Every structure is written in C-alpha cells, then in structure tokens.
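# Residue-level structural notes
Listed here are the chains, written in short residue letters.
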Protein chains: 2
Amino acid sequence: MDHSLLLSSIAKHVTLDKAEEEYLVSLLHYKKARRKQFVLEEGDVSSKIVFVTSGCLRSYAVDKNGTEHVLQFAPSGWWIVDMRSYITGEPARLNIDAIEDTGYLFFHKADFEELNLKVPKFERFNRILGQNAIATYQHRQIDNAIFAAMERYANFCQLYPSLIKTLPQKQVASYIGVTPEFLSKMLNTQIVK
Amino acid sequence: MDHSLLLSSIAKHVTLDKAEEEYLVSLLHYKKARRKQFVLEEGDVSSKIVFVTSGCLRSYAVDKNGTEHVLQFAPSGWWIVDMRSYITGEPARLNIDAIEDTGYLFFHKADFEELNLKVPKFERFNRILGQNAIATYQHRQIDNAIFAAMERYANFCQLYPSLIKTLPQKQVASYIGVTPEFLSKMLNTQIVK
DNA sequence: TGTCGCACTTAATCTACATTAAGTTTCTGT
DNA sequence: ACAGAAACTTAATGTAGATTAAGTGCGACA
C-alpha cells in the first residue's frame, strides 16, 4: 500500500507533521478492485471515503429503463463517495465500480471523523477539498444547463484529456448525457476538434 | 443587522464560545437587495460568501440565446456563492440576484479565510457544510440525469414546499430545466399532485 | 384609474436527441 | 487461438421538450 499520492495531495494544502502523518496512515486501508467490480452498490450504505491511487473508478445512477448515467470518473488522485449516504447512513443512490483494475485507499467513516476532530489541519484540508468539489459541481451544472451535446463533448475533452483516449466511447456518452449512438453520429457527421 | 439565524445555524453543528461568536460577528456585514437587484454579476469576481436572512436570492447562468437557467434558490438560512470565482478570483459565470426584497449577511474572502484559521470550530462547521452541499449537488445531478421533467417538478415541490407557493412559475420552469410554456402545458394536461 | 408590462396559457410547428434494429469490428477471457 | 461478448457504426423512425406566435388576466406604478 502506497500512500505517497494521498500524502502529496494533502501537502498541497496543509503541512502535517510526522506524528500526524503516521496517525493518518494508521487509519488508512488499501484495496484493489478488478475491472467491473463494485466498490459501492446502490442500496448499500456508503460508509467509506475512497481515494483512487491507480486505475479508474466511476460513479453512476440507473434510470427506470436500466440505462446508466455516469456522474463522475475518478482516475488516480481523485476522491469518490455517495455523500448523502455517507452523511446520513441512508442507502446509496449511486453505484461505484471499476472501469479498469484499480487500487484505492479509504477511511472508514468513524476513522475519518476522528481524524478531522484530532487533526485540525486535516479538517482544513477537507474544508478546502469540499470547496473545490462545490466549484466543480457548480461548473458541471452550468455546463449541462447552457451547452448542447457537442459543446459538452468538447468540454469533456478539455477537462479529461487523458481519459478521452482510454475510455470507451459509451462511457463518455453516458457522462455527457447522450446515447452512444448519438455520440457516434455526432463525431462522424461533424468536423470535430 | 440580526445574526441570530446565522448563529443558530452554526450552533446546530458546533458550539462557539462567547469570544468566538463576537469575533465572528465583528467580521460580518449586512446588506439589503431590492427585488431584481444584483448581488453578483457574471464577469465580476465573487469575493463574498453570502448568507440570506430574509427574502430570497437566486443564482443563474445565461446561455448563448440569452435564456436564463436557475441553478439555486437561496431563501433565508441558505448560503450562496460562485465557488470557482471565490476560490480562484476568476470572473464569475453565475449571476446572483434578488427575487424579492432580501436581507443578507456576508463575509469578505480575507475575513472568511482568517476566521477559518483562527476558529477551528468554524472551520469544522464549514467542512460539514461543504459535505452537505456536495450531497445536495450529487442528488440534483442524479435527479437531472435519471428523471423526466414531470418527476423533476414533483421533486421540486417536495424539496421547496414553501417556495413553490410564492415563486413565479417561470422561475420554477427555469430551475427544473424546461421552458415556461412546457411547464404550463405539463401542469394543465396531466393530472398532477 | 387607466395602462403598461409581465406572468401565464394555448396551440401549431420544429428539432435535438432517443429508440430500435442490424451489421461490423475489436476486445477479453479461457 | 478462438468464441462470445462487448464496443462502435449506420440508418430509419419516434418523441420530449423547444420555438414561435397570439391572446388573456392581473398587479404595479404614473
């Protein structure tokens, strides 16, 4: 289990001392998920906070026809959780699974909360992380509200230049909110890029 | 200027002592906005964090045809900000204006940051507030992805039972992501509620 | 106290994107 | 190395919701 990515991501915002780092690391768990394996299934409680170290996870919701709608990709360095379920203990509405073989670190809820109480700098980090997440959600919401499918695709390419190369097209379609058929047509009809 | 709503909303999550409360209050400013007045205009920098005490604000983005898309309503007790602009100092993509005459408290960015550094309990409050906001954004995103317009309307009625009575229908239409014409037709065609 | 603007309605027409279906290609597991 | 399953494509048809346009009712301000 390699914590360096997590620690360096924390170090961008706060400076933990040796003891704090060791304490943090002592609460950390590591797991692997093979391609297509679930990290969280809709209906279960999201009782972990997950940080991806290798590979890629995705979160998605399923509509009444069974169609999947991707909300987020989490390549290495990203956090992922069903936040409502985490906070309230209600069953999750999101599924989280692995797009490719993935390694991830996680905190159990009780440990994460304790860490916030005992290490104020960690709480600061999480306050800042929360603000950044809000900024990201607001922008996604604006983009979805004011842009047509083609522009959302262009946005996606800019936002995830690395993912666009490795991700199956149908995952991208699901993220930008169109069917794979429509995305295919769009890309082969219009002169793009 | 009345801080009681803000203080009681903080008190739900952390217990500030007298000195901390006084310090917080000393950094607080109060303003009124008349109906239709801007609190933030697209292109300006969102350098305040706003907490509504009376009336109602809204945030919205404008598409290339000039159509407004409401992202959030902020009745009393709610916070509102263009978070990316607040964090980075970039120009805001959101407009924030008053739906009716509104009173609001706000922190300047420098004061808000200082308060977080000096009062760890305030930072805890903001960490929790951030988590709650993320939960809300995730749910809105799921709803938009998997529900049709009529279901989004029903959701809205459940989520904002007070607003649905006072808000002009066109604002509701803009929030749920349809035209006023289509919402009107939907409500008068289908047997609702 | 009237009128001007704005919220709301109705209805015809239009369009971005969905659905269905069938065929081709490219992975993936054994 | 091969079989089956995915991913991708193409194209015909379908539909939720947009656009345009015209008209009604009401609340605010001169």
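Residues numbered from 1 in each chain as written. Chains lettered and ligands numbered in written order. Predicted model: local features only at pLDDT ≥ 70, side-chain atom pairs only at ≥ 80, totals over all residues.

Lining the immediate environment of DNA strand D, one finds 15 residues, of which Gln169, Ser184 and Asn188 of chain A together with Val178 and Phe182 of chain B sit closest. When residues of the surface near DNA strand D are traced back to their parent elements, those giving at least two are helix 8 (169-176) and helix 9 (180-189) of chain A together with helix 9 (180-189) of chain B. Per element, the largest residue contribution to the surface near DNA strand D is five residues, and it comes from helix 9 of chain A. Its residues assigned to classes, the surface near DNA strand D comprises six nonpolar, five polar and four charged. (Near = placed C-beta within 6 Å. Helix = DSSP H or I, 4+ residues; strand = E, 2+ residues; numbered from the N terminus. Nonpolar A, V, L, I, M, F, W, Y, C, P; charged D, E, K, R; others polar.)

What surrounds DNA strand C is a group of 16 residues, the closest being Val178 and Phe182 of chain A together with Gln169, Ser184 and Asn188 of chain B. Among the elements of the structure, helix 9 of chain A together with helix 8 (169-176) and helix 9 of chain B are those that each provide at least two residues to the surface near DNA strand C. Counting residues per element, the surface near DNA strand C draws most heavily on helix 9 of chain B, at five residues. Among the residues forming the surface near DNA strand C, the class breakdown is six nonpolar, five polar and five charged.

Tallying the contact residues gives 30 residues for chain B and 30 residues for chain A. Ranked by residues supplied to the side of chain B that touches chain A, first place goes to helix 5 (residues 120-146) of chain B with 19 residues. For the side of chain B that touches chain A, the residue count by class is 12 nonpolar, 11 polar and seven charged. (Contact = placed C-beta atoms within 7 Å.)

Note on the identical chains: chain B maps onto chain A by a rotation of 180 degrees and an axial translation of 0.0 Å, with an RMSD of 0.0 Å. What the superposition gives is, in effect, a two-fold axis relating one chain to the other. Scanning chain B for the C-alpha nearest the rotation axis identifies Arg127 of chain B, at a separation of 2.1 Å. (Least-squares fit on C-alpha atoms with pLDDT ≥ 70 in both.)

Looking now at the packing of helix 8 of chain B against helix 9 of chain B. Residue and element names in this part refer to chain B. Where helix 8 meets helix 9, the closest approach of the two axes is 8 Å, and the angle between their N-to-C directions is 100 degrees. Viewed along their axes, helix 8 and helix 9 adopt a mutual orientation that is roughly perpendicular. Between helix 8, through Gln169, Lys170, Val172 and Ala173, and helix 9, the contact on the second element is made entirely by Pro180, Leu183 and Ser184. Here the residues of the contact of helix 8 with helix 9 are counted per class, giving four nonpolar, two polar and one charged. (Axes fitted to C-alpha atoms, helices over the stretch in contact; angles between N-to-C directions. Parallel < 35°, antiparallel > 145°, perpendicular 65-115°, else oblique.)

Time to look at the nonpolar core. Counting residues in hydrophobic clusters, the biggest one holds 76 residues, and the most contacted among them are Val50, Val52 and Leu57 of chain A together with Val50, Val52 and Leu57 of chain B. When near neighbours in sequence (up to four residues on either side) are disregarded, Val52 of chain B contacts Leu57, Ala74, Pro75, Ser76, Gly77, Trp78, Ile80, Thr102 and Tyr104 of chain B. (Core = buried A, V, L, I, M, F, W, Y, C linked by C-beta atoms within 7 Å. Buried ≥ 20, exposed ≤ 12 C-beta atoms within 10 Å, placed from the backbone.)

Our next topic: the environment of Gln131 of chain B. Relative to the assigned elements, Gln131 of chain B resides in helix 5. Sequence separation of Gln131 of chain B and Lys118 of chain B is 13 residues, and the distance between their C-alpha atoms is 21 Å. Look past the residues within four positions of Gln131 of chain B in its chain and what remains in contact with it is Met83, Ile87 and Gly130 of chain A.

All names here are of chain A. Two strands pair when backbone bridges link them, and strand 3 (residues 48-62) and strand 6 (residues 95-108) are joined in this way by 11 bridges, in the antiparallel orientation. Looking at strand 6, one finds that Phe51 is bridged to Leu105. Bridge count between strand 3 and strand 5 (residues 79-80): two bridges; the pairing is antiparallel. Looking at strand 5, one finds that Phe51 is bridged to Trp79. (Pairing = 2+ DSSP bridges.)

The values are spatial; any link to function lies outside them.
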